[in-house]
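Residues per chain are reported as follows:
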Amino acid sequence: MTQQIYVAGDWVASNASETLDCVDPSTGEAFDKIANGNAQDVDAAVKAARAALPGWRSTPAGERAALLRKVAAAIVDNREDLAALETRDNGKPMAESYIDVDTIAAIFGMYADMADDLATNPEEVVETGGDVMEVTVARVPIGVIGMITPWNFPLEQFTWKVAPALAAGCTAVIKPSEFTSLSSLALARLMGEAGLPAGVLNVVTGTGPRVGEALVMHPGVDKVSFTGSTATGKQIMRGAAEDLKRVSLELGGKNPVIVFDDVDIDAAAEWVTFGAFVNQGQVCTATSRLLVHEAIADKFEARLAEVAANVKIGSGDTDAVKMGPLVSQSQYDKVMGYIETGRSEGARVLTGGGRPDEMDKGYYIAPTIFTDVTADMRVWREEIFGPVLSVMRFADEAEAIQLANDTPYGLAATVLSADEARTERVADALEAGITWQNCNNMVVIQAPWGGVKKSGMGRELGRWGLDAFLEPKQKTRWKAGGGVGWYDMKIA
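Conventions we followed
- Residues numbered from 1 in each chain as written.
- Predicted model: local features only at pLDDT ≥ 70, side-chain atom pairs only at ≥ 80, totals over all residues.
- Heavy atoms only, no water.
- Helix = DSSP H or I, 4+ residues; strand = E, 2+ residues; numbered from the N terminus.
- Rg over C-alpha atoms; globule rule 2.2 N^0.38 Å.
- Buried < 20%, exposed > 50% of the residue type's maximum accessible area, 1.4 Å probe, protein only.
- Salt bridge = Lys/Arg side-chain N within 4 Å of Asp/Glu carboxyl O.
- Polar contact = N/O pair within 3.5 Å; in protein donor to acceptor, adjacent residues only side chain to side chain.
- Contact = heavy atoms within 4.5 Å.
- Axes fitted to C-alpha atoms, helices over the stretch in contact; angles between N-to-C directions.
- Parallel < 35°, antiparallel > 145°, perpendicular 65-115°, else oblique.
- Left-handed = near helix turned anticlockwise from the far one by under 90°.
- Nonpolar A, V, L, I, M, F, W, Y, C, P; charged D, E, K, R; others polar.
- Core = buried A, V, L, I, M, F, W, Y, C linked by side-chain atoms within 4.5 Å.

The next thing to look at is the overall build of the protein chain. Helix and strand content of the protein chain: 15 helices and 22 strands. In terms of C-alpha radius of gyration, the protein chain reaches 24 Å, essentially the compact-globule figure of 23 Å for 492 residues. By its C-alpha atoms, the protein chain is 80 × 55 × 40 Å across when sized along the principal axes. By the burial criterion, 58% of the 492 residues in the protein chain qualify as buried.

See below:
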């Protein structure tokens, strides 16, 4: 099955003969293969999605809800297998994979509830103030959605897109990351077994140039939903413009965490460490820029180095591990390149800076903290997507806000302070789609997720995630007794 693609409800051979290795990041060794699909595969998948669209969007929303609940139950029943597969393919600790699996079950359940609400409240009445027209607004599915997901949270990112799209009545073709496709294939299998009609969901594995580009450019796709790098997001926007496709883009970030001088240093160091190094720092919202008040900077940096140095690193299936390997050789090389760049630019390595001594294979990098960083350094300005934290100091609130906002990105930002009025004030001043006050990297599935500036457009999760796959459709009805001539009509 892993070397096949999922099209029109069947597992079929790709039209391409090439395959890609699935590599265990903890060892660097291949353990499976997936198909490296092509444009013919994408065309077949999009045609299947288009053929399934009329039936699925006309399926009563309550019936769609019931099927999503069956998927949620299947996820719960297969929790162990899904988590183990996610860890082996991605490298993340099992504890995190369990959280991911539990989260996706909850997301399917949440969007089942929202589908029920669509059934109960199909139209919104618009108050016009007039008496000759009745106006309502329906929310209708956009159509066929092309979805491209990243490798850092394979199961979650699949679900963030697929669950609301299906609840809305859309059909989908999804291209998972070529580095981590196995859990997406497994989840597609569970959805098919749960009774999802053929063609409603299709999965084509392969690389971006072969599969992703064909999906974006296909005239049968009505919208593209992408999560990944800002550079790729720009390419997708350019491609989607050819057919004026709608796009949702959740892109990169270089997210600040501001630590004021009234914090509990131990607690704040734990929050900063978690925000920078969870999932090996391979998180779009990783708080990889630390701004610490100069009055506590020396003490805070010392404590932070202690906490980071004690993060347990190892294979994701090892007990109590907090950090696993990076996802791939290419990502390892990229992050190590940034670490060398930081050194060459004059930043000082406070802790980490390379492969842990005891790790002689796999893609492991120790939590790395740079101090003596300046605002023009690449490690401060560019998204690294690995376990690298850069530290600068600030003198007052105004400077902290200025430094935090001095970035082309605007995904997430964190404020830590004992003064709740200050955390609220500073959070309001930060240019970010997501802010955290006295916590860090908390994902609330009922709330909107997305960024501003070059961190993308559109929102996922919560009701905003459902709205991303629905179009408002005005329905105006003329009542008896109104004028019929060009100038007799009563405009409300």
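Here we come to the pattern of salt bridges. Under the criterion given, the structure shown has 29 salt bridges. The closest approach of N and O atoms between K33 and D21, which form a salt bridge, is 2.6 Å. Here K33, found in strand β4 (residues 29–35), pairs with D21, found in strand β3 (residues 19–24); they are 12 residues apart in sequence, far enough to count as distant. For K33, a relative accessible area of 34% corresponds to the partly exposed category. Judged by relative accessible area, which is 42%, D21 ranks as partly exposed. Residues participating in the shared-partner salt-bridge network are E123, E134, K475 and R477.

So, about the side chain of T414. Tracing the chain through its elements places T414 in strand β18 (residues 412–416). Within the local environment of T414, its side chain forms a polar contact with the side chain of N440, the two groups lying 3.0 Å apart. Contacts of T414, omitting those with residues within four sequence positions, involve P256, V257, I258, T287, W436, C439 and N440.

Negative phi is the rule for most residues except glycine; trans is the rule for most peptide bonds. One non-glycine residue, Q280, lies in the positive phi region at around 65 degrees. If you trace the backbone, Q280 turns up in the loop between α9 (265–277) and β13 (289–293). Positive phi outside glycine occurs at A320, with the angle close to 65 degrees. Locating A320 in the fold gives a position in the loop between α10 (297–309) and α11 (329–345).

Next up on the list: the packing of helix α3 (residues 79–90) against helix α4 (residues 94–120). Two elements in contact, α3 and α4, have axes whose closest approach is 8 Å; the angle formed by their N-to-C orientations is 125 degrees. As far as their axial angle goes, α4 and α3 are oblique. When you trace α3 past α4, the crossing you get is right-handed. Contact residues: α3 offers R79, E80, L82, A83, A84, E86 and T87, while α4 offers M94, S97, Y98, D100, V101 and D102. The residue makeup of the contact of α3 with α4, split by class, is six nonpolar, two polar and five charged.

One finds I75, Y111, M191 and L201 to be the most contacted residues of the largest nonpolar core, which totals 71 residues. Looking at which element gives the most residues to this core, the answer is α4, with 12 residues. Setting aside its immediate chain neighbours within four residues, M191 contacts V71, F108, F158, V162, L166, L196 and L201. The next biggest cluster of nonpolar side chains, apart from the first, holds 31 residues, and it includes I339, I365, V388 and A400.

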